[in-house]
Structures are given as C-alpha cells and as structure tokens.
Amino acid sequence: QNMDMTMTMIGAMYAPSDKVTLLAMVNLLDNDMRLSTYNMNAEKLGDFDTSTSAHGDSVIGALLDLPGKWHSGLAFGLPTGATDKTGRLLTPMNMRVTARLPYAMQLGGGTFSLKPSLTRASLGVNGGWGMQLAASLPLGRNKEGWRHGASAHGDIWASRRLNASYSLSLRGRFTHKEAISGADARIDKPVQSANPDYYGGQQAELALGVNFIGGGGALHGHRLALEYTRPV
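My aim in this report is to walk through the structure given alongside it, one point at a time. Throughout, a residue's number is its position along its own chain's written sequence, starting from 1. Whole-chain, interface and lining totals are the exception, using all residues; otherwise, since this is a predicted model, local features are given only for residues with pLDDT of at least 70 and side-chain atom pairs are given and counted only at 80 or more. To get the side-chain values, all heavy atoms of the structure are used, and hydrogens and water are removed first.

**Quick look at the overall build of the protein**
The helix and strand tally for the protein stands at zero helices and 14 strands. Elements are defined by DSSP. Helices are runs of H or I of four residues or more, strands are runs of E of two residues or more, and each kind is numbered from the N terminus. Starting at the N terminus and walking to the C terminus, you meet the elements of the protein as β-β-β-β-β-β-β-β-β-β-β-β-β-β. With respect to the principal axes defined by its C-alpha atoms, the protein has extents near 65 × 35 × 35 Å. For the protein, the proportion of its 232 residues judged to be buried stands at 31%. In this description, contact between two residues means that some pair of their heavy atoms is separated by no more than 4.5 Å. Considering only residue pairs separated by 6 or more positions, the protein has 57% of its internal contacts joining residues 24 or more positions apart. Throughout, the Shrake-Rupley method with a 1.4 Å probe supplies accessible areas, and for residues the shown protein chains are the sole cover considered. With an accessible surface of roughly 14200 Å², the protein has 58% of that area assigned to carbon and sulfur atoms. For each residue, the accessible area found with a 1.4 Å probe, counting protein chains only, is set against the maximum for its type, and the residue is called buried under 20%, exposed over 50%, and partly exposed in between.

What follows is the structure, encoded as structure tokens:
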C-alpha cells in the first residue's frame, strides 16, 4: 500500500592536498511498509506492517580536482547492510509466518560496487551553476544470488544569491536504473516488491532549494540546505 524510508547519512572528508579529497560515508536506514492481504477469492483478510532499521551499505572514495573547474570522483560501495532481514507476514491462507522480506526492505545490496562521477561547477558573485554525471555499478552478485541493477543519473542546477547569507537553487535530475539481476529463492511471495523485474526504470525530478550560510558567531562555518523535490 505504501512505504516510508528515512535515511541519515554520516560522512567524513579529509583533503591531504588541494587536488585530492578522501571521503567515507555510512547510511542509517529506517524502512516501513504497509501491506494488505487478500485470499484467492479476492476477499481482504487484513493489513500488516513490516519494518527494518540499521546501518546500510557504506562508501569510501576520493574526489580529484581537474582543470577547468571540473572534478571527478571514484568511490566504492561496501556491502555493510543486511540482505537477509525477516518479518511477520499475513499470507493469503490467513496465516502469520516469519519470512525473508522483499528486496526494497533489505538494508543493503550485498555486493561491492563502483561509483564514478564527473562534476562541473562554477560559482560567481551573484550565483552559480553546475552539472554532474554519476553512476553506481554493482560488481557481481551477493551470496543470495542477486544484485541491484546498475544505475546512472545526471544533474543540472543553478543558484542565485539573495544576500550574504541566503541563496536559492533550482535543480533537475534524470535517473535510469536497471532491474534487479538474479533472485533470492527465499523472497518468493505474491507481492509486487518481491518481483525483481518490478525494480528499476526511469525518473525525472525537479527540486527547489534554499541555502543558509552562517556569517559569524556560533553559526560561523555552518551551512543549512533545504530542498523540496518532486518527480515530474
């Protein structure tokens, strides 16, 4: 019926030189899904909820400064998130069972992945603009016999400075993602999220943002960015 996902990203960056920045990041995930079960006569038996919560996959990598206001990124995804989470389900036979949850409810992909990116950014006195191409390429399949589909996205954005502390931004993104490759034999249920062919696709998004940069006192050196994104 619906699914909510909250992600908290905790990261650290260190620049050993003006040309290289090292980075590391871990994601904390909280997934909640509400489902309805029907019997073979299309009669509703009831609703039930599933949830998973813990750390997801991690990322380590580096950003490299290139000539002409370009920079490239090369990162690796580490399979630190679980792929075998279970939950209590209501079956079409009106029984409550504990079983492995569908792919969307798992916290990781179970494989290493390559994450290249290329970014061009320009910032002037009154604003700036930029664009980025990035991809996520899973390497092999996990121990359950599947992997997330490869994905790529392109961003283009522009910002306008209002004063010394505030600016507005507009961003567009187009994403392409392949379906899941392979399947977990223990995720075989009559629900959409258990079908690996139902994953992937294409999506375009438009985002409006506002940015605040602290100029002095306790807020000096801090930045708050809010962005509202909608699929178009």
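After presenting the structure, the write-up continues.
**Some thoughts on a nonpolar patch on the surface**
Every patch collects residues that have over 30% relative accessible area and no salt bridge, joining them within 9 Å if they carry like charges and within 5 Å if they are nonpolar side chains (Val, Leu, Ile, Met, Phe, Trp, Tyr). Salt bridges are defined as contacts in which a side-chain nitrogen from Lys or Arg sits within 4 Å of a carboxyl oxygen from Asp or Glu. Judged by side-chain polarity, Leu 162, Tyr 166, Leu 168, Val 210, Leu 224 and Leu 226 come together as a nonpolar surface patch covering roughly 540 Å² of accessible area. Broken down by secondary-structure element, the contributors of at least two residues to the nonpolar patch are β11 (166-177) and β14 (223-231). Take Val 210: it is sitting in strand β13 (residues 201-213). Owing to a relative accessible area of 32%, Val 210 belongs among the partly exposed residues under this scheme.

**Concerning the nonpolar core**
Formed by 15 residues in total, the largest nonpolar core has its most connected members in Leu 35, Phe 48, Leu 89, Tyr 103 and Ile 180. Elements supplying a minimum of two residues to this core: β2 (20-38) and β5 (86-90). Excluding anything up to four places from it in sequence, Tyr 103 contacts Trp 146, Ile 180, Ala 183, Asp 184, Ile 187, Ser 193, Ala 194, Pro 196 and Tyr 199. Each nonpolar core is a collection of buried residues, namely Ala, Val, Leu, Ile, Met, Phe, Trp, Tyr and Cys, held together in the definition by side-chain atoms within 4.5 Å.

**A short note on unusual backbone geometry**
The bulk of non-glycine residues show a negative phi, and the bulk of peptide bonds are trans. Its identity as a non-glycine residue notwithstanding, Ala 42 has a phi of 65 degrees, on the positive side. For Ala 42, the position within the fold is in the loop between β2 and β3 (44-66). The backbone of Asn 94 shows a phi angle near 65 degrees, a positive value even though the residue is not glycine. Residue position: Asn 94 is located in the loop between β5 and β6 (96-100).

**A closer look at the sheet that holds β13**
Hydrogen bonds along the backbone pair up the strands of a sheet, which may run parallel or antiparallel. Pairing between strands requires that DSSP locate at least two bridges from one strand to the other. With antiparallel pairing, the ten strands of this open sheet are ordered in space as β1-β2-β3-β4-β7-β8-β10-β11-β13-β14. Taken across any chain shown, the strands that pair with only one partner, and hence form the sheet edges, are β1 (2-14) and β14. Averaged over all pairs of adjacent strands, the angle between strand axes in this sheet comes to 20 degrees, irrespective of strand direction. Looking at chain direction, strand β8 (residues 127-139) and strand β10 (residues 151-161) are connected through ten bridges and run antiparallel. By the bridge assignment for β10, Gly 128 is matched with Ser 159. Here an angle of 0 to 180 degrees is reported between the N-to-C directions of two axes, which are lines fitted to C-alpha atoms, with helices fitted over the stretch in contact.

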